[in-house]
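Below are the chains, spelled out letter by letter.
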Amino acid sequence: MNVLDIIEAKKRGRELDETQINDLIAGFTAREVPEYQMAAFLMAVWFRGMTPAETAALTGAMLRSGDQLDTSVLSGPSADKHSTGGVGDKVSLLLAPLAAACGLKVPMLSGRGLGHTGGTLDKLEAIPGYDIHLGNAQFLDVVERVGCAIIGQGPAIAPADGRIYALRDVTGTVDCVPLITASIMSKKLAAGPKTIVIDLKTGSGAFMRDLENARALATALVAVGRSYGRNMAVLFSDMNQPLGVAIGHANETLEAFAALRPGGRAAAPADLVRLTEELTADMVRVAGLAPNAEAALARVRQAWDDGSALKVLLAWVAAQGGRVDPARDDFGLDCAPAAADLVAPHDGWLASVDCRQVGLALADLGAARRKVEDALDLSAGVDWLTRVGRQVTKGETLARVFTRDPARAAVAVDRLGSALVIGREPVAELPLILGRVE
Ligand code: URA
């Protein structure tokens, strides 16, 4: 392989063949191709793009750089959901046991939060004793026995992606559809589920700001998934405001777990319930366990309301060493006390939220990372108590901050206050589900 020829070809907009892409990624994984050459290649891709065949080849090469789980050992249809990340997104914590209670096997690999978006893994670490590091065989054993398991994506899964992602981060090549597609799909395919449902978020709290780019990404994700024999579906959801009420770690885990309690579907935040139901129903339908959307939704609601999802939840957490007490209101999780409120400065309607700033308020509380190695206060968080389009009155509490550190609370409240706009005229509510691609 001549790496320079590959870079030159891409620079001039020529299509690479599978062997060239395989050689490049294998060489990079083996540390034979240096980072400066990979950086040049990534920038050439950023300018020239990739054909669907090149994107599929890149995904495959990154997938083969590490372990692949064999889900054929599972006794039921396997399915997973991937979210492109947002603020207050605790859907996986409800969806995994819910999907399992509907008859799916859900092997889920999750990541940590970085910047303003939260990560499922950090939320799970708020559960005393919960082990995010199961070996492959043990992971699949829990999925088989209980129906679902969620672990951290270790260095053995798509290691080429880890190093390429770090390079993209410092070379201005993150926002590139073929590179994002290969990055997401190499990791998702490695966990082996037959059905993959993607929650593609757009808006001020999302990685994709607008729906047009999100559509291009969805088309690429579906094409790559299909080329690897997966059933694929993408749902576009709004991330111009936080999802649900709780934002943080222990508090988000509590909101998710409490939602699965008897009567929880009616009591939990309506947006969280709706998005969870829709994504789980898509998994159930696309995996072939229900003939249409109505039947899939009915099945999900039954598993939610009859307590079977809560039963799976408790079995799954216990199987991974987690200690929760469903008899307690707080499930035994450590949530910090309320420290300060953000109140409406005048009457009006909530016109808009800079959702990214809401996510960053968690960093002010020590509950989100500014650097990968930052330790988190998993007990701190925010309750987001309003929605765009809602009428507010002067003095009304719009957000509440939970921390044991009053100085941090004051900084977070300031940031939250500057993240929202209260207009004098009525404003329409934001739709939550913006469309689908299958
Ligand atoms: N998430 C990923 O895993 N990779 C990307 O490139 C972007 C979002």
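Cut-off values and rules
Residues numbered from 1 in each chain as written. Predicted model: local features only at pLDDT ≥ 70, side-chain atom pairs only at ≥ 80, totals over all residues. Heavy atoms only, no water. Pairing = 2+ DSSP bridges. Helix = DSSP H or I, 4+ residues; strand = E, 2+ residues; numbered from the N terminus. Axes fitted to C-alpha atoms, helices over the stretch in contact; angles between N-to-C directions. Contact = heavy atoms within 4.5 Å. Domains from an automatic or database assignment. Buried area = accessible area lost by both parts, 1.4 Å probe. Salt bridge = Lys/Arg side-chain N within 4 Å of Asp/Glu carboxyl O. Polar contact = N/O pair within 3.5 Å; in protein donor to acceptor, adjacent residues only side chain to side chain.

**Concerning the sheet that holds strand E4 (residues 195–202)**
Read from one edge to the other, the open sheet built from four strands follows the order E1-E4-E5-E13, with strand pairing classed as mixed. Every other strand in the sheet has two partners, leaving strand E1 (79–83) and strand E13 (433–437) as the edge strands with one partner each. The mean inter-strand angle of the sheet, taken between neighbouring strand axes irrespective of direction, is 20 degrees. The pairing of strand E5 (residues 231–238) with E13 spans four bridges and is classified as antiparallel. The partner of Val234 across the bridge, within E13, is Val437. Docked against the sheet, helix H10 (residues 211–227) engages E4, E5 and E13, running at close to 165 degrees with respect to E5.

**Details of the domain arrangement of the chain**
Per the domain assignment, the segments making up the chain are domain 1 (3–49), domain 2 (71–319) and domain 3 (338–423). Here the C-alpha centre of domain 2 lies 31 Å away from the C-alpha centre of domain 1. Taken together, the contacts link 12 residues of domain 1 with 12 residues of domain 2. Contact between domain 1 and domain 2 buries roughly 1200 Å² in total, counting both sides, with carbon and sulfur atoms accounting for 73%. Taken together, the links from domain 1 to domain 2 amount to one salt bridge. Across the salt bridge formed by Arg163 and Glu35, the nearest N and O atoms sit 3.7 Å from each other. Run the count over domain 1 and domain 2 and you get two residue pairs in polar contact (both at pLDDT 80 or more). Considering each element in turn, the side of domain 1 that touches domain 2 owes the most residues, seven residues, to helix H3 (residues 35–48).

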